[in-house]
Amino acid sequence: MRGYSLDPHPSANAAKEEFAVVLIPRVNRRRVPANNVEIVSDLKTAMDQSNPDKNFYAAKVVGPARSSEGMFLYYILEMYNA
């Protein structure tokens with residue numbers, strides 16, 4: 001996943017690692033739909049915008065990647081305040 005395109009189309013941009021705030025109902029999820037991910041500039045911003053009481057967590061993600069069902073997903077590499 002690091003530096004490789006997860007989309008089978010040859011002209012797709014390479015997926016990259018980014019900090020984000022993710023909305024997830026369960027902390028043990030490894031991937032989330034793209035519409036549940038807000039990319040932010042750095043870890044501090046992600047931590048400031050997170051709210052675990054409302055299921056918003058700071059994370060490092062890679063993506064987006066197209067699933068076999070056609071959805072765009074981000075893969076969670078690390079959770080910071082779970």
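A few points on the structure.

So, how was this worked out
- Residues numbered from 1 in each chain as written.
- Predicted model: local features only at pLDDT ≥ 70, side-chain atom pairs only at ≥ 80, totals over all residues.
- Heavy atoms only, no water.
- Helix = DSSP H or I, 4+ residues; strand = E, 2+ residues; numbered from the N terminus.
- Buried < 20%, exposed > 50% of the residue type's maximum accessible area, 1.4 Å probe, protein only.
- Contact = heavy atoms within 4.5 Å.
- Areas by Shrake-Rupley, 256 points an atom, 1.4 Å probe, with all protein chains shown as cover.
- Salt bridge = Lys/Arg side-chain N within 4 Å of Asp/Glu carboxyl O.
- Core = buried A, V, L, I, M, F, W, Y, C linked by side-chain atoms within 4.5 Å.

### With respect to the overall build of the chain
- A tally of regular secondary structure across the chain gives 1 helix and 5 strands.
- Element order for the chain, N to C, with α for helix and β for strand: β-β-β-α-β-β.
- Taking all 82 residues of the chain together, the buried fraction comes to 30%.
- Considering only intrachain contacts with a sequence separation of at least 6, the fraction spanning at least 24 residues in the chain is 53%.
- Taken as a whole, the chain presents about 5200 Å² of accessible surface, with 49% of it coming from carbon and sulfur.

### Quick look at the pattern of salt bridges
- Scanning the entire structure with this criterion turns up 2 salt bridges.
- We note a salt bridge from Glu17 to Lys60, for which the minimum N-O separation is 3.9 Å. Note that Glu17 is positioned in strand S1 (residues 16-23) and Lys60 in strand S4 (residues 56-66), a separation of 43 residues in sequence.
- On the basis of relative accessible area, Lys60 is assigned to the partly exposed category, the value being 22%.
- Put simply, Lys44 and Asp48 hold a salt bridge, and the shortest N to O gap is 2.9 Å. Pair noted here: Lys44 and Asp48 are both in helix H1 (residues 43-49), with a separation of 4 residues, about one helical turn.
- On the accessibility criterion, Asp48 (53% relative accessible area) is exposed.

### Quick look at the nonpolar core
- Grouped together as the largest cluster of nonpolar side chains are 11 residues: Ala20, Val22, Ile24, Val32, Val37, Tyr57, Ala59, Val61, Tyr74, Ile76 and Met79.
- Counting only elements with at least two residues in this core, the list comes to S1, S4 and strand S5 (72-79).

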